[in-house]
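Now for the letters of each chain:
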Amino acid sequence: MRTTRTVPARPVLIVTLGLATAGSLLLAPGTASAEPEPVTREGAPVDGRAARAPESAARRALAAAGETSTATDTRGYPRRQVLSPDPVNPGDKSLKLGLVPYHGIAPKLNALQRLGDRVSVEVAGRSAGGHRLYLVTVTAPETTREARAQQRMRDLIERAPATAAKSPEIKRSYKTPVFVNSNIHGNEWEGTDASLKVIEQLATAEDARTRDLLAHSRLYFNVTANPDGRIAGTRANAGGFDLNRDFVTASQPESRAMRRIQLDTQPAVLLDLHGYVNGTLIEPTTPPHGENYEYDLFLKHTYANALGMEAAVNALGYTPAKDGVEPAQIPFRDQEEGWDDWPPIFTPQYAAFHGTVAAHTVEIPLAVNNEEYDELPVAELRRRSAVNTAVAGAAVRATLDHVRERRATLVADQIEAFRRGAAGAPQVPVSPRTVPGVPGIGPEDVYTTAFPRAYVIPPGTSRAQRSAPAAARLVDHLLANDVRVTRATRPFRLAGRTHPAGSYVVDMRQPKRGMANVLLADGRDISDKVSVMYDISGWSLGRLWGATVEPVASGSLRGAPLRPVAEAAAVARVAPHGDLRLRLDDPREIAALNSLLRRGVTVREAPDGSAIVPASARREALTAARTHDVAFTATRLTGATPLRRPRVAAAVTPGELFALREMDFDVTPVSTAVLNAGFDWSGTDVLFVSAGLDRARLTAPARSALDAFLGRHGLVGRGATGAALNAAAGLLPVTPVAGNGDANGVVRVTNPGPLTRGAPDHSFVYAPLWFTGLGAGVRVEQAYATGNPLLSGHWRPLRDGSGGPAAAAGRAAVVSGDRAVLFGTEPLFRDHPKGAFAQVARALFTVAHSGSVEESG
């Protein structure tokens, strides 16, 4: 059992649903507190307002050209460019802290490039708010020929790791890639300023150590990963997303840019600079550890580098009495649980699947955001920011020293991680023997998995097109994450089963098998492993994205008719004759339907829930098919009910708002404040509520207008907030029961109702809810499976025994009735569980239609 310092384990998931980021309140010097900030996740912000991100941010995030690869760019270094200035913004929140505002970054980078021949600047993309993302490379000059050699060696390391391990050229000449990521949370500013200072020092230093470092390394700095949040002083980007939760889904352009940087540079070492935990928190983490990592290699290097950063930070001389700064802490050594690396949604944990063998979140100490930003004197804020900048700089410089001294073993173990994947070699469990020098390793740290031989993803057929858009989306997502995918040119047999031509196959003997498995596997129920978790604990794309994913435990792929693919085969097609049928089981199909309705096409609902498009609209259907990659099949079905694109007023989370726009709904964000200001309900067909709308806090006129709307139209509600509004409005006679608010993961469900027709038999929950006491007219649309409904994740009963999965088993998870649908699951969570999106879409269409029919009648 590892020892535990007096620093408390970070409190995880014990906060109420209404709590948002509230950084630790560090008192004046002499009265410092070491209490870390509480965990935050997507939900109702602390001010009670629902998501209100501009539609332009969603359009930018949904644009196809979300990332630009530099993998084929073999120009030499430096690669100079003159950046045009941004308009001066006196409202930039960085200014109050005495830090570099966003509009000051481009001039600073121009000046750094002029200092010599070591600094290069490229634009890696644009944020959801339209701001440039700057990638700075610092290295000794390279000719084009030398740059091409580096590219060739980098490719060899991943694509042929067994050969790379024996390469004298790599041992002698390969430059170790290092990635420093700053400011991913916009109101954790100082990593940017520390990076700029380090870049300036490296640009001009002439000592032997610096020359040696740059001759044998490439240092990549993502100067500000979240310029929208930096400017606005918010954790999230302009789309309302916490980017450090988005790596599995990659819904945001900033996340895709960071992913592309990692794929193109293949860093052996990564720092992600955050705030604020006092004392400075330096990973590696507490259990549970991601079971798909080569964790022995990862822990070996991450712990060794953490020790160096700890020494460098403590050597700055800050003390609790004098400066309010506690000594640095390493969770693996100093805490029992509560700061884990289980999910691949965080930058360092995601990087581990791309060959990074030393990866760290570094949480600098002194809070300057949230209430501290508003309440502390400017002088104190600037003092804290100066301390934080120095701490972040010390961590970066210590890491660079570590890289200079241990580059050979870092690269060798990156190669070994890839070799194990390509060879199908077993993982090596961590132990004092396999990871010597790391204290306190115990059985609680051992997490490994059994990789299947392959995964098969059926493509969908003309008779079962339901899975075709989902399969194509999933394959493209795998490829975007650098997972190798092949496709069968004819039917083939594997492990005694015949698979059709067109099936996609993920051979798990590939260098990034961990990346493939963490995306496709079911995951694990870890409820009995630890008492608390830092964030989500289950995320399986195989269960949540709507495609069929079949693991094959064993067998041989030798001789199978498989060809590598660079993209999924197009699904788009339109039958040449007759009326057309569009299934509505996938968000792409919902978006296609809404695009047709937006263009005035007459579409009717068939008895089976699909959409019937008249033959006269074949040209419009062809455009929709190509835009959304969906299929319109010929049909003899006759649609009855005419459909129209619902006008949705939505008091929801940022992820839900984004998902609604992804499906091309006409959405107007609302909240308690918006309704109190006098909202015009005449342009709304249905209200969707999950966050930020409290009927009790409405003014009398606003409450009256809301009740009148709900009486004429209806409500789609999710979670506790939606259920509370339903009860206040007296719509569905049900009793909501709240499960453990910390619980989250992938759950088994049954789908007896029409709204869930075609839905996967798994869904996602975070703070699950279920419904009892179902009154007259209430229909169960979805129920939690009997037994233990949790497939993967973390869901324990509360201390009194209530709120656990056994209490939810067999209970209604989604219910409907006259003008209302309530969800106890999270079908749109962070824009992630794509296979469940259509449930919400069907609910919106159904409720909007029932209201319009009654009005017209």
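See the structure above.
Attention in this report is confined to the structure presented alongside it.

Conventions adopted
- Residues numbered from 1 in each chain as written.
- Predicted model: local features only at pLDDT ≥ 70, side-chain atom pairs only at ≥ 80, totals over all residues.
- Heavy atoms only, no water.
- Buried < 20%, exposed > 50% of the residue type's maximum accessible area, 1.4 Å probe, protein only.
- Helix = DSSP H or I, 4+ residues; strand = E, 2+ residues; numbered from the N terminus.
- Pairing = 2+ DSSP bridges.
- Expected span 1.5 Å × (residues − 1).
- Axes fitted to C-alpha atoms, helices over the stretch in contact; angles between N-to-C directions.
- Contact = heavy atoms within 4.5 Å.
- Phe/Tyr/Trp six-rings, centres within 6.5 Å; stacked < 30°, edge-to-face > 60°.
- Lys NZ or Arg CZ within 6 Å of the ring centre and 35° of its normal.
- Salt bridge = Lys/Arg side-chain N within 4 Å of Asp/Glu carboxyl O.

1. Focus: the pairing of strand S29 (residues 762–766)
Alright, step 1. With five of five residues buried, S29 is to be regarded as a mostly interior element.
Alright, step 2. In the sheet, strand S28 (residues 744–750) pairs with S29 via five bridges, with the strands oriented antiparallel. Each bridged residue has a counterpart across the sheet, and for Gly745 the counterpart in S29 is Val765.

2. Details of helix H10 (residues 295–314)
Helical periodicity: at 3.6 residues per turn, an α-helix aligns residues three or four positions apart in one direction.
Alright, step 1. Relative to the 28 Å expected for 20 residues at 1.5 Å per residue, H10 spans 27 Å between its end C-alpha atoms, a close match to the ideal helical length.
Alright, step 2. Among the 20 residues that make up H10, 14 are buried, leaving the element largely enclosed by the rest of the structure.

3. Let's talk about the sheet that holds strand S10 (residues 454–457)
Alright, step 1. Read across the open sheet, the five strands follow the order S15-S10-S14-S11-S16; overall the sheet is antiparallel. Each of the sheet's edge strands pairs with one partner strand only, and the pair in question is strand S15 (550–552) and strand S16 (562–564). Direction aside, the axes of adjacent strands within the sheet are offset by 30° on average.
Alright, step 2. For strand S11 (residues 486–488) and strand S14 (residues 504–507), the ladder comprises two bridges, and the chain directions are antiparallel. Opposite Arg487, over in S14, you have Tyr504 as the bridge partner.
Alright, step 3. Helix H16 (residues 468–480) contacts S10 and S14 of the sheet and is inclined by roughly 140° relative to S10.

4. With respect to the pairing of strand S33 (residues 812–817)
Alright, step 1. In terms of burial, S33 is largely enclosed, as five of its six residues are buried.
Alright, step 2. Of the pairings in the sheet, the one linking strand S31 (residues 779–784) to S33 comprises four bridges and is antiparallel in character. Across the sheet, residue Gln782 finds its bridge partner in S33, namely Val814.
Alright, step 3. Across four bridges, S33 lies against strand S34 (residues 820–823) in antiparallel orientation.

5. Overview of the packing of aromatic side chains
Alright, step 1. Scanning the entire structure with this criterion turns up 21 aromatic pairs.
Alright, step 2. Measuring from ring centre to ring centre gives 5.0 Å for Trp339 and Tyr534, while their planes differ by 20°; the resulting arrangement is stacked. In this pair, Trp339 sits in the loop between helix H12 (331–334) and strand S8 (340–341) while Tyr534 sits in the loop between helix H17 (513–520) and helix H18 (541–544), placing the two residues 195 residues apart along the sequence. Accessibility assignment for this pair places Trp339 and Tyr534 in one class, buried.
Alright, step 3. Among the aromatic residues, those joined into a ring-pair cluster are Tyr293, Tyr295, Phe298 and Phe353.
Alright, step 4. Over the aromatic face of Tyr373 sits the side chain of Lys96, whose NZ or CZ is 4.5 Å from the ring centroid.
Alright, step 5. Positioned over the ring face of Trp545 is Lys834, at 6.0 Å from the centre of the ring.

6. A few points about the pattern of salt bridges
Alright, step 1. According to the stated counting rule, one finds 50 salt bridges in the structure shown.
Alright, step 2. One salt bridge connects Glu142 with Arg218, and the closest N-O pair in it is separated by 2.6 Å. You can see Glu142 sitting in the loop between strand S2 (132–138) and helix H3 (144–159) and its partner Arg218 sitting in strand S4 (residues 217–222), a full 76 residues away along the chain. By the burial criterion, Glu142 is buried, and Arg218 matches it.
Alright, step 3. Linking Arg245 and Asp242 is a salt bridge whose minimum nitrogen-to-oxygen distance equals 3.8 Å.
Alright, step 4. The exposure class assigned to Arg245 is buried, which follows from its relative accessible area of 5%.
Alright, step 5. The exposure class of Asp242 is buried, given its relative accessible area of 16%.
Alright, step 6. Through salt bridges with shared partners, one network takes in Glu188, Arg235, Asp242, Arg245, Asp535 and Arg830.

7. Overview of the environment of Leu196
Alright, step 1. Along the chain, Leu196 turns up in helix H6 (residues 190–204).
Alright, step 2. Between the alpha carbons of Leu196 and Lys108 there is a distance of 8.2 Å; along the sequence they are 88 residues apart.
Alright, step 3. Apart from the residues lying within four places of it in its own chain, the contact partners of Leu196 are Val100, Lys108, Leu109, Leu112 and Val223.

8. Some remarks on H6
Alright, step 1. With 15 residues, H6 ought to run about 21 Å at 1.5 Å a step, and its terminal C-alpha atoms sit 22 Å apart, in line with that.
Alright, step 2. Taken as a whole, H6 has its buried residues at Glu190, Gly191, Thr192, Asp193, Ala194, Ser195, Leu196, Val198, Ile199, Leu202 and Ala203.

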